[in-house]
Amino acid sequence: QHKMAQFDKVSQKSKLHPKPEGLTLQYGTAGFRTHAKHLDHIMFRMGLLATLRSKKTKSTIGVMVTASHNPEEDNGVKLIDPMGEMVTAVWEGYATQLANAEQDSLLKELKDILEKEDIDVSEPASVYVGKDTRPSSASLSQAVLDGVSSLGGKTHDYGLVTTPQLHYMVCCCNTRGCYGSPTVEGYYQKLSQAFLQLTQNASNRTDDQKRLQVDGANGIGALKMREMEAFLRSELQVVLSNDGSSGKLNHMCGADYVKVQQKAPQGMNMGVGERCCSFDGDADRIVYYYTDSKGCFHLLDGDKIATLISTYLKELLTQAGLNLQIAVVQTAYANGSSTRYLEDVMKVVVCCTKTGVKHLHHAAQEYDIGVYFEANGHGTVLFSKAAQKQIQELVKDLNTNDERKQAVKLLESTINLINQTVGDAISDMLVIEAVLAIRGMSVQDWDAIYTDLPNRQLKVTVSDRRVIDTTDAERKAVTPEGLQDAIDSLVKKYKNARSFVRPSGTEDVVRVYAEADTQESADSLAHEVSLAVYRLAGGVGDEPKPL
Ligand code: G16
């Protein structure tokens, strides 16, 4: 009886969020993402799915309404599993199944998932919901809330939060507060305390050294940075630009723009040599940069961040006498110089996964300490339970005058500062600032650790990007026929060259990456490979032009 009433309610409510007939959407790199006008039914249905997932896991699940780095007109949804991770591949499949069911078969698909997963629909459910600052996010997050309540789930609407903040809340809730307190204030307190503890170990920094220019991408990260500032007690002096008061989200600013264009964002007044960083639209990515006295732009991307953090952690482990294995997880976009440095000089394990934090996160969980970063600045550090326990016990065991004590305490505070649930621009920024302060390094010292190979990223529009299939962590194209051979022979023309192509999972484009010994070569290789994609994979519009 109860079940029937529940299904009736879903059926009634779903009519308020109808699916346009024939529209099919694929679950991409980080969930569904497209123009906001196509997403109302998706949001309602992801509310349903999160409720089922919550009933199944008997835990709180998160739903974040955001399209992160995409243009303001787009939107999207990211689903968060109990410990703050992305949902599993099987549930991605269910997401696609529900998203694409025509209106009259929605209940059938819903019941199918209930049956396959042996879920009792009368179980309680709890879903946390958050949204970014896009104009469309308000009504779309309401659609999520409607979906949850139609299946009898409880919701907590966090309103405007960064994606990593919502991941943090979900993890706090499901660990019953062990990870922290599930409030925005709890997040600021946990991170700022750890940051202040770490920076106590830095000697006499000037105000200039404490100063950091932050480009907020005109998004949620800017709002949250403003809220957090007071907690940092001037140990970090943030100069915020693109704070959303006038400019458009991600337009000529933000981490993706800076990384792909390899230039400073608009709206930032950069002094020579000054340390600057950019967040993306939902503040889960960060890149650093500066311009030198010749006006030359220097980018410190996710690869440089991974190198800085893993060098610091490795040193602390040695000082603390701890035998824990560090690994760095990258993707095909990692600059060849970074991989060489990590393997040959630092001698850490390096592995390569497909694009998408869900893949990197998973790989990083295999090690005592897994540092994972995509070149675009998306990443974090994971400490295994056993590693955390060893560190915490050593802090207690060691005598105050034991010289290992300081290193172990630094490790402990670093664990508290890093958001282990997902890449987090604010948390990563604080870790980087603390590491630079403790080691007395300038952004230039950090940049000098290794020199990037010149590289270029381009986009090609094709009629159906699914014609490109890849293997070997996306480094080789399997289809269309002849494309990989064409790339191989183009790469041979250049020195220290490498190139690959892959369909994007967040935008309707094919991405092309090339690196080589000079910028001219990287640009020319990227262009030639783009032409090969255009010709062999059904390019639309004008042929790609040389840079
Ligand atoms: C998302 C994913 C990232 C991925 C990026 C680009 O980032 O979370 O892991 O690198 O998309 O993916 P693709 O090349 O498939 O379009 P974000 O920050 O937009 O959520």
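The protein goes by Phosphoacetylglucosamine mutase in an unreviewed UniProt entry, where it is assigned to Onychostoma macrolepis. Its UniProt record gives the protein the following Pathway (unreviewed entry) comment, quoted word for word: "Nucleotide-sugar biosynthesis; UDP-N-acetyl-alpha-D-glucosamine biosynthesis; N-acetyl-alpha-D-glucosamine 1-phosphate from alpha-D-glucosamine 6-phosphate (route I): step 2/2."

Caption draft 1: Expanded view of the domain arrangement of the protein. Domain annotation of the protein identifies domain 1 (2-160), domain 2 (186-299), domain 3 (302-425 + 435-447) and domain 4 (455-536). Placing the centre of domain 1 and that of domain 3 at their C-alpha centroids yields a distance of 34 Å. Each residue belonging to the side of domain 1 that touches domain 3 can be placed in one class, and the counts come to 2 nonpolar, 2 polar and 1 charged.

Caption draft 2: Inspection of the UniProt feature "active site" (unreviewed entry) in the protein at higher detail. This chain's UniProt record puts "active site" (unreviewed entry) on Ser68. Examined against the element boundaries, serine 68 turns out to sit in the loop between strand 2 (60-65) and strand 3 (74-80). For serine 68, a count of 29 C-beta atoms within 10 Å corresponds to the buried category. Here serine 68 is in contact with Ala30, Asp280, Gly281, Asp282 and Asp284, once residues within four sequence places are set aside.

Caption draft 3: Looking closely at the site of the ligand. Close to the ligand lie 18 residues, the nearest being Thr29, Ser68, Ser504, Gly505 and Thr506. Among the residues forming the shell around the ligand, the class breakdown is 2 nonpolar, 10 polar and 6 charged.

Caption draft 4: Structural context of the sheet that holds strand 5 (residues 154-160). The strand order 1-3-2-4-5 describes an open sheet built from 5 strands, whose pairing is mixed. Each edge of the open sheet is held by one strand with a lone partner, namely strand 1 (33-35) and strand 5. Strand after strand, the sheet turns through a mean of 20 degrees between neighbouring axes, direction not considered. Contacts from helix 2 (residues 40-57) reach strand 2, strand 3 and strand 4 (126-131) within the one sheet, and its direction differs from that of strand 2 by about 160 degrees.

Caption draft 5: Looking closely at the UniProt feature "domain: Phosphoacetylglucosamine mutase AMG1" (unreviewed entry) in the protein. UniProt tags residues 187-287 and 301-439 as "domain: Phosphoacetylglucosamine mutase AMG1" (unreviewed entry). A distance of 22 Å separates the end C-alpha atoms of residues 187-287, which is 34% helix and 16% strand. Regarding residues 301-439, the helix share stands at 57% and the strand share at 15%, and the terminal C-alpha atoms are separated by 19 Å.

Caption draft 6: Local environment of the nonpolar core. Of all hydrophobic cores here, the largest spans 130 residues; its most connected members are Met43, Met46 and Ile309. Top element by residues in this core is helix 16 (residues 425-439). It accounts for 10 residues. Here isoleucine 309 is in contact with Val371, Val381, Val431 and Val435, once residues within four sequence places are set aside.

Caption draft 7: Local environment of the packing of helix 11 (residues 302-320) against helix 16. Between helix 11 and helix 16, the least distance of the axes is 10 Å, while the angle of their chain directions is 55 degrees. Put simply, helix 11 runs oblique to helix 16. Note on packing geometry: the crossing formed by helix 11 with helix 16 is left-handed. Here Ile305, Leu308, Ile309 and Tyr312 of helix 11 come into contact with helix 16, specifically with Asp428, Val431, Ile432, Val435 and Arg439. Classifying every residue of the contact of helix 11 with helix 16 gives 7 nonpolar, no polar and 2 charged.

Caption draft 8: Geometry of unusual backbone geometry. Backbone torsion omega between threonine 479 and proline 480 reads -5 degrees, so that peptide bond is classified as cis. Inspection of the secondary structure assignment puts proline 480 in the loop between strand 17 (476-479) and helix 18 (483-491). Positive phi, close to 50 degrees, is recorded for lysine 58, a residue that is not glycine. Turning to its location among the elements, lysine 58 is positioned in the loop between helix 2 and strand 2. With phi around 70 degrees, glutamate 474 is a residue other than glycine that occupies positive phi space. For glutamate 474, the location among the structural elements is in the loop between strand 16 (469-471) and strand 17. Assessed through the 23 C-beta atoms surrounding it within 10 Å, glutamate 474 is described here as buried.

Caption draft 9: Spotlight on the sheet that holds strand 9 (residues 286-291). Taking strand neighbours across the sheet as the criterion, the 5 strands line up as 7-6-8-9-10 in an open arrangement whose pairing is mixed. Whereas interior strands pair on both sides, the edge strands pair on one side only; in this sheet they are strand 7 (237-241) and strand 10 (297-300). Averaged over all adjacent pairs, the angle separating strand axes in this sheet is 30 degrees, with direction ignored. Relative to strand 7, strand 6 (residues 211-215) is paired through 5 bridges, and the arrangement is parallel. Across the sheet, residue arginine 211 finds its bridge partner in strand 7, namely glutamine 237. Relative to strand 7, helix 9 (residues 220-229) is tilted by about 155 degrees, and along the sheet it contacts strand 6, strand 7 and strand 8 (276-279). Strand contacts of helix 16: strand 6, strand 8 and strand 9, with the helix running at about 50 degrees to strand 9, the strand carrying the most contacts.

What counts and what doesn't
Residues numbered from 1 in each chain as written. Predicted model: local features only at pLDDT ≥ 70, side-chain atom pairs only at ≥ 80, totals over all residues. UniProt positions renumbered as here; feature names shortened; annotations may be inferred. Domains from an automatic or database assignment. Nonpolar A, V, L, I, M, F, W, Y, C, P; charged D, E, K, R; others polar. Helix = DSSP H or I, 4+ residues; strand = E, 2+ residues; numbered from the N terminus. Buried ≥ 20, exposed ≤ 12 C-beta atoms within 10 Å, placed from the backbone. Contact = placed C-beta atoms within 7 Å. Near = placed C-beta within 6 Å. Pairing = 2+ DSSP bridges. Axes fitted to C-alpha atoms, helices over the stretch in contact; angles between N-to-C directions. Core = buried A, V, L, I, M, F, W, Y, C linked by C-beta atoms within 7 Å. Parallel < 35°, antiparallel > 145°, perpendicular 65-115°, else oblique. Left-handed = near helix turned anticlockwise from the far one by under 90°.

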